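Examining the three-dimensional arrangement
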Amino acid sequence: MEKVIFAVGEIFKQHDTGFSHPESPKRIEITMNFLKTFKHKALELIGPEKASREIVEIVHDPGYVEYIKVFSEAGGGHPLGDLDTVVSKRTYEVALYAVGTTLKVLRKVLFGGYKIGFAAIRPPGHHAHKGLAKGFCIFNNVAIAAKYAIENYGYKRVAILDIDAHHGDGTQEIFYTTDKVLYVSLHQDPKTLYPGTGFPEEVGEKEGEGYTINIPLPPGISDKGYALALRDIALPIIELYKPEILFISAGFDTHHKDPLTDINLTLKTYWHIGKAIYSLFGRKVEGIVAVLEGGYALNYLPKAIMNLILACNTDNPLYYEKVVLKENMNYVRKSIEKALRVHKKYWKL
Ligand SMILES: [Zn+2]
């Protein structure tokens, strides 16, 4: 049995985004309530941990961190005019915990005898740039942990697989010119969804050229098409890169009941993603760290998480839905071929 570490805490409910915001404290509340009755012998729960400001500043501009601190402590609002994003009185503190808890899970999988871990944290991170809060994100939790692993533990090849429905423009920006981090993102076609970036031609620059892999997916894609995109591009490139650590920017807003996107996965696909990752990389990498990003269909969120992270211990999905959603495989194949044409320049696919 593969023990799976799971970090969560009450603190993550204290980032208050206000009435009717999809990225709400309820996401943590419902996950913690779920864990009260959900028992699995592989799952080990741990609490949150706070990061120092210095650690956040290995990725973010000190002036930006100061701005968030002061703005938050003064009561907050929309940072730098980004109307999607909310900073509340406790946001700065909670965001430090989101970073620290991600790092705690990283430590557990690298040095604590675990292979896989999940950080159920908020605010999420993948839209956060070096000096900009946007898309519900304040500090880029995964990017900070990836850079921390490189700078403090000496790793040279870290891969980030971003399965959130949105393109992680912040993560892309942070690692655009390095080959030490491979960023692979599957997301809804940027012509049809926020943030409007993540075209295949955005491949990285300088030493980073070829190490940013964007795979846009047509609206309406479901389980079959998504599996194809994973199988034909995302997973083979990660295999060729031979990462030492694998992060998953684990957004679940690809679920068909999600209110924000038009990617229509059912629960079983999260299990298939988890299973594929574990089978391909479980023995090859030193650790797999999945970190919560989006996912706003509250009733499905905890089940999707468990399907993803417990796939290593189960022969079938823990949860599945008896629905088959129509998808246009022609659109899917065209999108995959288009992305492949770009990425084949850099990778033997
Ligand atoms: Zn998202």
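Position numbers for residues start from 1 in each chain and track the written sequence from start to end. For this predicted model, a pLDDT threshold of at least 70 governs which residues receive local features, and a threshold of 80 or more governs which side-chain atom pairs are given and counted, while totals over whole chains, interfaces and linings are taken from all residues.

**Focus on the overall build of the chain**
Put simply, the rule is: Under the scheme used here, helices are H or I runs from DSSP no shorter than 4 residues and strands are E runs no shorter than 2 residues, and both carry numbers assigned from the N terminus. Atoms considered for the radius of gyration are the C-alpha atoms alone. The globule rule reads 2.2 Å times the number of residues to the power 0.38. Each residue is classed by its C-beta neighbour count within 10 Å, where at least 20 other C-beta atoms makes it buried, 12 or fewer makes it exposed, and intermediate counts make it partly exposed; the C-beta atoms are placed from backbone geometry.
Tallying secondary structure elements over the chain gives 10 helices and eight strands in all. Its C-alpha atoms give the chain a radius of gyration of 18 Å, within 12% of the compact-globule value 20 Å for 349 residues. Along the first, second and third principal axes, the C-alpha atoms of the chain reach 50 × 50 × 40 Å. In the chain, which comprises 349 residues, the proportion classed as buried is 53%.

**Some words on the pairing of strand S4 (residues 158–162)**
Quick note on the threshold: At least two bridges found by DSSP between two strands is the condition for calling them paired. The definition of a right-handed crossover adopted here requires that, viewed with the strands pointing away, the path from the first strand over the helix to the second runs clockwise.
Burial of S4 is extensive: five of the five residues sit out of reach of the surface. Every second residue of S4 is oriented toward a common face, with Val158, Ile160 and Asp162 on one face and Ala159 and Leu161 on the other, all of them buried. Relative to strand S5 (residues 181–188), S4 runs parallel, the two being bridged by five bridges. Along S5, the bridge assignment pairs Asp162 with Ser185. For the crossover that starts at S4, traverses helix H6 (residues 169–174) and ends in the parallel S5, the hand is right-handed. Bridge count for S4 against strand S7 (residues 245–250) is five bridges, and the pairing is parallel. Residue pairing for S7: Leu161 is matched across the bridge by Ile248.

**Description of the environment of Phe281**
Applied cut-off: We call two residues in contact whenever the C-beta atoms placed from their backbones are within 7 Å.
Tracing the backbone shows Phe281 in helix H8 (residues 267–281). What makes Phe281 buried here is the crowd of 21 C-beta atoms within 10 Å. Sequence-distant contacts of Phe281, that is, excluding residues within four places in its chain, are made with Leu246 and Ile288.

**Observations regarding the sheet that holds strand S8 (residues 287–292)**
For clarity, the cut-off: Fitted lines through C-alpha atoms serve as axes, helices being fitted only where they are in contact, and the angles separating the N-to-C directions of these axes extend from 0 to 180 degrees.
Strands sit in the order S2-S1-S3-S8-S7-S4-S5-S6 across an open sheet of eight strands; the sheet is parallel. The strands lining the two open edges of the sheet, one partner per strand, are strand S2 (43–46) and strand S6 (212–217). Geometrically, the sheet is characterised by an average inter-axis angle of 15 degrees between neighbouring strands, direction not taken into account. With respect to the sheet, helix H9 (residues 301–309) is in contact with strand S1 (4–7), strand S3 (116–119), S7 and S8, its orientation differing from that of S3 by roughly 160 degrees.

**Side note on the pairing of S3**
Going residue by residue along S3, you find Ile116 and Phe118 tucked away on one face and Gly117 and Ala119 tucked away on the opposite face as well. Of the strand pairs in this sheet, S3 and S8 are connected by four bridges, and their pairing is parallel. The residue bridging Ile116 from the neighbouring strand is Ile288, located in S8.

**Structural notes on helix H3 (residues 62–73)**
Where we set the bar: For a helix, the expected span equals 1.5 Å multiplied by the number of residues minus one. Arc definition: it is the arc formed by the directions from the helix axis to the C-beta atoms.
Its 12 residues place the ends of H3 16 Å apart at the C-alpha level, agreeing with the 16 Å of an ideal helix rising 1.5 Å per residue. Among all positions in H3, only Tyr64, Val65, Ile68 and Ser72 are buried. Along the axis of H3, the buried positions cluster into a sector of 100 degrees, meaning they face one direction only. In H3, those exposed residues whose orientation departs by more than 90 degrees from the buried face are Pro62, Gly63 and Val70. Backbone geometry just after H3 places Gly75 at a positive phi near 115 degrees.

**Digging into unusual backbone geometry**
Backbone torsion omega between Arg122 and Pro123 reads 0 degrees, so that peptide bond is classified as cis. Locating Pro123 in the fold gives a position in the loop between S3 and helix H5 (141–153). The backbone phi angle of Ser20 is positive, close to 70 degrees, even though this residue is not glycine. In this fold, Ser20 is placed in the loop between S1 and helix H1 (26–37). Among the residues examined, Ser20 registers 6 C-beta atoms within 10 Å and is labelled exposed.

**Remarks on the packing of H8 against H9**
The following threshold applies: When describing relative orientation, an angle under 35 degrees is termed roughly parallel and one over 145 degrees roughly antiparallel, while 65 to 115 degrees is termed roughly perpendicular and anything else oblique. For a crossing to be left-handed, the near helix must be turned anticlockwise from the far one by less than a right angle; the clockwise case is right-handed. Under the grouping applied here, Gly and all other residues not named as nonpolar or charged are polar, the nonpolar ones being Ala, Val, Leu, Ile, Met, Phe, Trp, Tyr, Cys and Pro and the charged ones Asp, Glu, Lys and Arg.
Here H8 crosses H9 at 25 degrees, and the two axes come no closer than 6 Å. Accordingly, the angle class assigned to the pair H8 and H9 is roughly parallel. At the point where H8 passes H9, the crossing takes the right-handed sense. Residues Leu267, Tyr270, Trp271, Ile273 and Gly274 of H8 lie in contact with H9, whose contacting residues are Lys303, Ala304, Asn307, Leu308 and Ile309. Taken together, the residues of the contact of H8 with H9 break down into seven nonpolar, two polar and one charged.

**With respect to H1**
For H1, which comprises 12 residues, the first-to-last C-alpha distance of 17 Å matches the rise-based estimate of 16 Å (1.5 Å per residue) to within 8%. Listing the buried residues of H1 in full gives Arg27, Ile28 and Thr31. An end-on view of H1 places all buried positions within 95 degrees of arc, on one side of the element. Opposite the buried face of H1, at more than 90 degrees from it, the exposed residues are Asn33, Lys36 and Thr37.

In short, geometric facts, not functional conclusions.
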